Amino acid sequence: MTTESSPVALVVEDEPQIRRFVRMALEGEGWVVHQSENLKRGLIDAGTRTPDLIILDLGLPDGDGMRLIREVRGWSPVPIIVLSARIDEGDKIAALDAGADDYLTKPFGIGELLARVRAALRRQHKGIAQASSSVSFGKVEVDLQKRQVHRDGQPVHLTPTEYKLLSVLLANMGRVVTAPQLLREVWGPSNTDNGHYVRIYMGHLRQKLEEDPAQPRHLLTETAVGYRLQP
Amino acid sequence: MPNRTESEPAPFAREGGSVLACIGHGAGGARVVAASSRLAMLAGAPWHAVLVETPRTRRMQEPVRLAALEQLRQAASQGAVTSVLEGDDPAAVIAAYARRHACATAVLARGRAAPLPWARPVARRLARLAPDIDIVEVARAQGRPPATREAGAALDQPAPPRRYLAALAASLATALVALPLLPLLDVANAAMLFLLCVVLVAIRLGRGPAVAATLAGFCALVLAVPRRAYDVSEFKYAVTFGVMLAVGWITARLTAGLREQAEAAIAREARTRSLYEFARALSVALQLEQVFEITRRFVERSFDARSVILLPGVDGRLAAPSAPVLNVLDMAAAQWAFEHAEPAGAGTATLPSNAFIYLPLLAPMRTRGVLAVRAARQGTLLVPEQRALLDAFAALAAIALERVHYVDVAQEALVSIEGERLRNSLLSALSHDLRTPLTGLVGLSESLTLSRPPLESSQMELACLLRDEARRMSTLVANLLDMARIQSGGVKLKLEWQSVEEAVGAALRACRWQLGGRTVTTRLAPGLPLVRFDAALIERVLCNLLENAAKYTPLDAAIEIGARLDEGLLLLSVCDDGPGLPVGREDALFEKFVRGQQESPIAGVGLGLAICRAIVDAHGGRMRAFNRAAGGACFELGLPLGDAPALPVPDAEEDQRVHQP
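A. Focus on the overall build of chain B. What chain B contains, in helices and strands, is 20 helices and 16 strands. The 661 residues of chain B split such that 43% are buried. In chain B, of all internal contacts separated by at least 6 residues, the share reaching a separation of at least 24 is 70%. Element-wise, carbon and sulfur atoms account for 60% of the exposed surface of chain B, whose accessible area totals about 34,400 Å².

B. Spatial organisation of unusual backbone geometry. Omega for the peptide link from K106 of chain A to P107 of chain A comes to -10°, which places this bond in the cis form. In this structure, P107 of chain A sits in the loop between β7 (102-105) and α5 (110-129). The residue A224 of chain A is not glycine, and still its phi comes out positive at about 65°. Mapped onto the fold, A224 of chain A is located in the loop between β13 (219-222) and β14 (226-229). With phi around 50°, D304 of chain B is a residue other than glycine that occupies positive phi space. Note that D304 of chain B resides in the loop between α12 (288-303) and β6 (305-310).

C. The arrangement of the sheet that holds strand β5 (residues 134-138) of chain B in detail. All names here are of chain B. Spatial ordering of the open sheet is given by β3-β2-β1-β4-β5, a layout of five strands whose pairing is parallel. In this open sheet, the two strands that pair with only one neighbour each are β3 (81-86) and β5. Strand-to-strand twist across the sheet, computed as the mean angle between neighbouring axes with direction ignored, equals 25°. With six bridges joining them, strand β2 (residues 47-53) and β3 adopt parallel strand pairing. Within β3, the residue paired with E53 across the bridge is E86. Here helix α2 (residues 29-43) sits on the sheet and contacts β1 (18-23), β2, β4 (103-109) and β5; the angle it forms with β1, its principal contact strand, is near 175°.

D. Highlighting a nonpolar patch on the surface. Together, F235, V239, V243 and V247 of chain B give the surface a local cluster of nonpolar side chains, amounting to about 370 Å² of exposed area. Owing to a relative accessible area of 47%, V243 of chain B belongs among the partly exposed residues under this scheme.

E. Looking closely at the packing of aromatic side chains. For the coordinates displayed, the defined rule picks out seven aromatic pairs over all chains. Arranged with centres 5.6 Å apart and planes meeting at 55°, the rings of W187 of chain A and Y197 of chain A form a pair that is tilted. Highlighted residues: W187 of chain A in helix α7 (residues 179-187) and Y197 of chain A in helix α8 (residues 195-209), separated in sequence by 10 residues. In this structure, W187 of chain A and Y197 of chain A share a single accessibility class: buried. Relative to F393 of chain B, the ring of F278 of chain B lies with its centre 4.4 Å away and its plane at 15°, an arrangement referred to as stacked.

F. Structural view of the side chain of T553 of chain B. Residue and element names in this part refer to chain B. Inspection of the secondary structure puts T553 in the loop between α18 (535-551) and β13 (558-566). Within the structure, T553 has its side chain in polar contact with the backbone oxygen of A549 (distance 2.6 Å). When near neighbours in sequence (up to four residues on either side) are disregarded, T553 contacts R518, D576, G578 and P579.

Conventions used here
- Residues numbered from 1 in each chain as written.
- Chains lettered and ligands numbered in written order.
- Predicted model: local features only at pLDDT ≥ 70, side-chain atom pairs only at ≥ 80, totals over all residues.
- Heavy atoms only, no water.
- Helix = DSSP H or I, 4+ residues; strand = E, 2+ residues; numbered from the N terminus.
- Buried < 20%, exposed > 50% of the residue type's maximum accessible area, 1.4 Å probe, protein only.
- Contact = heavy atoms within 4.5 Å.
- Areas by Shrake-Rupley, 256 points an atom, 1.4 Å probe, with all protein chains shown as cover.
- Pairing = 2+ DSSP bridges.
- Axes fitted to C-alpha atoms, helices over the stretch in contact; angles between N-to-C directions.
- Patch = residues over 30% accessible without salt bridge, like charges linked within 9 Å, V, L, I, M, F, W, Y side chains within 5 Å.
- Salt bridge = Lys/Arg side-chain N within 4 Å of Asp/Glu carboxyl O.
- Phe/Tyr/Trp six-rings, centres within 6.5 Å; stacked < 30°, edge-to-face > 60°.
- Polar contact = N/O pair within 3.5 Å; in protein donor to acceptor, adjacent residues only side chain to side chain.

As structure tokens, then:
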């Protein structure tokens, strides 16, 4: 951690056992954790505790977690990670579109949780620093200024569309990007129904950048939600 | 010449106005309809067909009136807007209608030579009343005597002799009063008394008796007068008698005409009221039985007839009524009426000797059934007004039946929506309630494995087992919930064009921890097209198959995922090099709660493969299991291929450029 004082996390979750192990996992990483057991409390704490991270259960007893996302996004870019059950892919997309940074499907492991938290924080710091002109993941290096891509030191040719797709994923490194968002940003707002474009071009990117395109390590699919570029 | 008129109609059809066919009660109706239809077609204009009912036409014989109504029906079937108009003067009624409906051309049959010098043909009067309308006259049918006149003459309602006797008695009574007073009165004044008598008779007894009374009074007066000396006033008397005869005759006709109109109006009002009451009674009916009962009751009341509604079964055959009320019902005629959507039976062109009339119940969407009616007196339903009323009843009943049908459909839809809502909320509640403690279990057991300082190795082993079992449990719960959703029919496939490679990759990542250290190789045929499936469900199928393979093979087993095209199918297979499947029971594995070996030390309830098959079936695909020749089990699923959607054009070009180095 770059800051002197410990970072603050807010866990909004009605189930005490889940709150408990999430708190233990975060405290193990040096976080100060505040807990809210319902939406009302969560809204107050989000305002008063000025957290550096919010972990939010979408199904709270006194209301929809979506409300908290919208309210917090009104005044703060704090990373929000959403917890949700598997069958609600639509809810996940809606939460991500409303401004949540990432999601975890219940049941989830501590490893996954911490990976998401790190990715969310790294991205936020990156946003402040606006750092280097080149990004790398695995054996792939991307020069953002020259728009050149190398894999194992060898230049890889990407078509303009492929590069545009990759750059959107790079800008959201480690974070899930929904398929509608990719379509909007790469193909424009009139193409949001053509989900197959993304699938075809993700296939091209995997062919060019992954060792085994059928078992990707970086260009990952979040089934029925979107894609994630895993560093 | 009829041919000229019909073969060159174009000059008469004006742009921008519709054509009006005036069907008369005489011959030539068919020609009027044919000519109007052609005119309208040539001008590309809509056309109307009207039939004017006057007191005179109402006295005509039924066949004549039915023929005219049939012409109207013909016109309607050829696309005309039809209507029956009422009035004294056909020309005035037609002119008013033409003005109201912006008709530019009127077509009528040429009138016959006027019976009286001052009675001008309808066409002439129409021309004067509506000078802006083109009038096309077509010839009457050749060789047919003018039917109206005969009919009109023969068809005055035959008044019973009693009425004539009453009329004569009235005249006699008048004579008894008036003649003794002759010395005191003038002959003209006595004639006035006779005229009064004629008017009263005309009002009470009708036209014929009134004429009889006129003649009787005339004779009485003529006979009474000669007793007195004939002198220079003889001529005066002749005038008085002549005027009295003429006035009596005209009065009789006028008064009787008025009376007939009043009666017609009353009858019309009664028909309208019964129609209105019928419609109102039907409007609250919500069940078939109510429609049946209301129809039966109103037909009985309005026509003194027995009726029954016949409805078709699922095979389109009309079902005979259960009650034996109508034992002479001809089901073949009823079926004919139903299939041809035309009336059959008594008074129609089809099977007219039948005791019943069978009316198809034509609703906007389809023919709903047949209304069979049998009047107590055979002739009741032959009267055009009554037939028209019965047709209106049939139309109302048909609409009521259709409404009841859609009420049922709406209720079924409501019930099914309600059921689905209940099922979904139950499943999501179950899902939440089962997953929440499992999430806690998985997380807490994992926390245990990560606790600091690290656990002793035996404790660590227990913690890891706890974590793995919790995860297995959550897979099981996911399978159970999926099975429940699929079995209850509550699954809506989210079909999208998916990449096979992506689905395989996602499945491998989703169940990597179940696979342990086993190596998985993928063998995907190059250039696989996009396939339409629900990505989340197919991922579940692949996960279940991988998990299955991992469960029944040793830790160092090799698992292979293959994908290829074969005869319009995408074949996805998951194979291992383990012990293989029990021979002969490959297909039974897909049953629920069936496992390869009943007493197996390996945990599981045998739900995974059943879900796989249910999901693949829902996609219209197929699934099978077999042993590989080289040893090991193989599960294969086939998904139907479709026409994959195209890429945007610039991208496709750009791709071409890139892939050809």
